[in-house]
Amino acid sequence: MGRVQLALNVSRLDEAVDFYTKLFQAQPAKLRPGYANFAIDDPPLKLVLFENPREAGTLNHLGVEVPSAAEVVSATKRLAAEGLPTEVEDGVTCCHALQDKVWVAGPDTRWEVYTVLADAPLDTAAAVNTDCCGTQGESTSTCCARPAH
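Residues numbered from 1 in each chain as written. Predicted model: local features only at pLDDT ≥ 70, side-chain atom pairs only at ≥ 80, totals over all residues. Heavy atoms only, no water.

**Quick look at the packing of aromatic side chains**
Stated precisely, the cut-off is as follows: Working definition: rings of Phe, Tyr and Trp (its six-membered ring) pair if their centres are within 6.5 Å, and the pair is stacked with planes under 30 degrees apart, edge-to-face with planes over 60 apart, and tilted otherwise. The numbering of helices and of strands both runs from the N terminus, where a helix is a DSSP run of H or I of at least 4 residues and a strand a run of E of at least 2. Burial classification: accessible surface area is computed with a 1.4 Å probe over protein chains only, and a residue below 20% of its type maximum counts as buried, one above 50% as exposed, and the rest as partly exposed. Charges are assigned to positions over rings by a cutoff of 6 Å between ring centre and Lys NZ or Arg CZ, combined with an angular limit of 35 degrees from the ring normal.
A full pass over the atoms with the stated rule returns 3 aromatic pairs. Centre to centre, the rings of tyrosine 35 and phenylalanine 50 are 5.6 Å apart; their planes meet at 50 degrees, and the pair counts as tilted. Of this pair, tyrosine 35 sits in strand 3 (residues 35–40) while phenylalanine 50 sits in strand 4 (residues 45–51), and the two are 15 residues apart along the sequence. The buried category is assigned to tyrosine 35, whose relative accessible area is 3%. Exposure remark for phenylalanine 50: the relative accessible area of 0% places this residue in the buried category. Through pairs of rings, three or more aromatic residues link up here, namely Phe19, Tyr20 and Phe24. One Lys or Arg, arginine 110, reaches over the ring of tryptophan 103 and ends 4.1 Å from the middle of that ring.

In structure tokens, the structure reads:
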């Protein structure tokens, strides 16, 4: 598998970025308005920060970042074989990236297994899908924006 993803809601993105840069001795891999992510090597962690003052200090969602779409497919098959209901989302734009992913609901929280296919352009309206990422206090119940065909 890849690395565990921990997505957190923070009250002030600039302060959170400063803190996590110092804590993990790493610069953000991506920094956008209201959003930052770190691809940390040691410990292997994808740390994602969403500026969301109303939910600050809470978990946004959990995930596992894998290197390829084939690994997302493999995880989907494995989870389904375990009898867990899955929700597949291929080619979605979410959290400033084009992704393939599968969601699975645990007892108390949903997890995603995903791969990043490409960076979303800054001008993409769906780059931060508030239903997915929960920025600015929005729901995190569904994810994500499907590309227009």
